[in-house]
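# Commentary on secondary and tertiary structure
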Protein chains: 2
Amino acid sequence: MTNVTANPSEDAAIRELRDGLTDAIRRKDADRVVSYFSDAPVMYILSPPLQFAGDEGPGKDGVKEWFDSFEGPIGYDIRDLHIVAGADVAFCHSLIRISGTRRGGDPTDIWVRETLGLRKLDGAWKIAHQHQSVPFYMDGSNKAAVDLKP
Amino acid sequence: MTNVTANPSEDAAIRELRDGLTDAIRRKDADRVVSYFSDAPVMYILSPPLQFAGDEGPGKDGVKEWFDSFEGPIGYDIRDLHIVAGADVAFCHSLIRISGTRRGGDPTDIWVRETLGLRKLDGAWKIAHQHQSVPFYMDGSNKAAVDLKP
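Below you will find a few notes about this structure. (Residues numbered from 1 in each chain as written. Chains lettered and ligands numbered in written order. Predicted model: local features only at pLDDT ≥ 70, side-chain atom pairs only at ≥ 80, totals over all residues.)

### What to know about the sheet that holds strand β5 (residues 124–133) of chain A
Hydrogen bonds between backbone groups are what pair the strands of a sheet, and the pairing can be parallel or antiparallel. Residue and element names in this part refer to chain A. Here 5 strands make up an open sheet; going across it, the order is β1-β5-β4-β3-β2 and the pairing mixed. Edge positions in the sheet fall to β1 (37–44) and β2 (70–85), since each of these pairs with one other strand and no more. Recorded for the sheet is a direction-independent mean angle of 25 degrees between the axes of neighbouring strands. Two strands pair when backbone bridges link them, and strand β4 (residues 107–121) and β5 are joined in this way by 9 bridges, in the antiparallel orientation. The residue bridging G117 from the neighbouring strand is H129, located in β5. Where helix α1 (residues 8–26) meets the sheet, it contacts β2, β3 (89–102), β4 and β5, and its direction lies at approximately 170 degrees from that of β2. (Pairing = 2+ DSSP bridges. Helix = DSSP H or I, 4+ residues; strand = E, 2+ residues; numbered from the N terminus. Axes fitted to C-alpha atoms, helices over the stretch in contact; angles between N-to-C directions. Contact = placed C-beta atoms within 7 Å.)

Structure follows, in structure tokens:
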């Protein structure tokens, strides 16, 4: 995939959105996190179920719960962000390192893959779809590969 | 997310592509599978590593190897396909049931989530990004949730 996109200004707008989402997560600002999403996004998240669709998604309460599961700050760093933007539909993908101390004292430090599907709605880009995952070892253990580094 | 898309004809073209990919996998036709992808797609697949990018991807040999890992046919069924298409950028996501008998005799039957990022290049839609995953249980086991059903 080349770095040439059809719409450099839309590319910049989506980069700004992704940076805003990163900042909101680091600040544990659930209202701001939710503001980047469309109504009823379809979400494939790290833990079951397979999907959240319609109004059943984790929403602001789910985001808050996730924030509260960390003692203190959440480390959140992105690399290999690729953005492909059209006039009103876009997708982007990246690798994200999530680290910190879970409530109870267990340290966590994991690299995940993320793909976002975005739509420009009423002049503003919104995340309509989020897919986050880690791969798993197909060696019979079926263990999630939480120890990988890019 | 509503079912209204900006470009119903592009929506139909991508549905045709996704149906073609399904058919190619059921027929174990690696050449045809690869034909639906752009050059050097960025891929997040079910097993490690975190990503394939550039020319390092699994390619036709990787697809053939995967096909050969099944004795006989591959069961491949899609549901909840959502397509969001612009004029030259699109994404779609769905749940896919992959079933069959692995070489050696072990049966497999797993639901996975898939997101595709697509670009219209020289008049034809191509998959520039594929993200497939299962979630994992955050109960301390870190086991991939290969037993989920939608």
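### Re the environment of L121(A)
With respect to the element layout, L121(A) can be found in strand β4. Through-space distance from the C-alpha of L121(A) to that of S133(A) is 27 Å; in sequence the pair is 12 residues apart.

### Quick word on the nonpolar core
Core analysis: the biggest nonpolar cluster contains 40 residues, and A90(A) and A90(B) have the highest contact counts within it. If you look at the next biggest cluster of nonpolar residues, it comprises 13 residues, including W111(A), V112(A), F136(A) and A144(A). (Core = buried A, V, L, I, M, F, W, Y, C linked by C-beta atoms within 7 Å. Buried ≥ 20, exposed ≤ 12 C-beta atoms within 10 Å, placed from the backbone.)

### Brief notes about the sheet that holds strand β5 (residues 124–133) of chain B
Residue and element names in this part refer to chain B. A sheet is described by the order of its strands in space; here 5 strands give the open sequence β1-β5-β4-β3-β2, paired in mixed fashion. The open sheet has two edge strands, β1 (37–44) and β2 (70–85), and neither has a second partner. Here the strands of the sheet are splayed against their neighbours by 25 degrees on average, with no regard to which way each runs. Running at roughly 170 degrees to β2, helix α1 (residues 8–26) makes contact with β2, β3 (89–102), β4 (107–121) and β5 of the sheet.

### Things to note about the relation of the copies chain A and chain B
With an RMSD of 0.0 Å, the fit of chain A onto chain B corresponds to turning through 180 degrees and sliding 0.0 Å along the axis. Given the turn and translation reported, the copies of this chain are related as if by a two-fold rotation axis. In terms of C-alpha distance to the rotation axis, chain A has K143(A) as its closest residue, with the C-alpha 2.3 Å off the axis. When the interface residues of chain A are mapped onto chain B, 100% of them again fall at the interface, so both copies present the same face. (Least-squares fit on C-alpha atoms with pLDDT ≥ 70 in both.)

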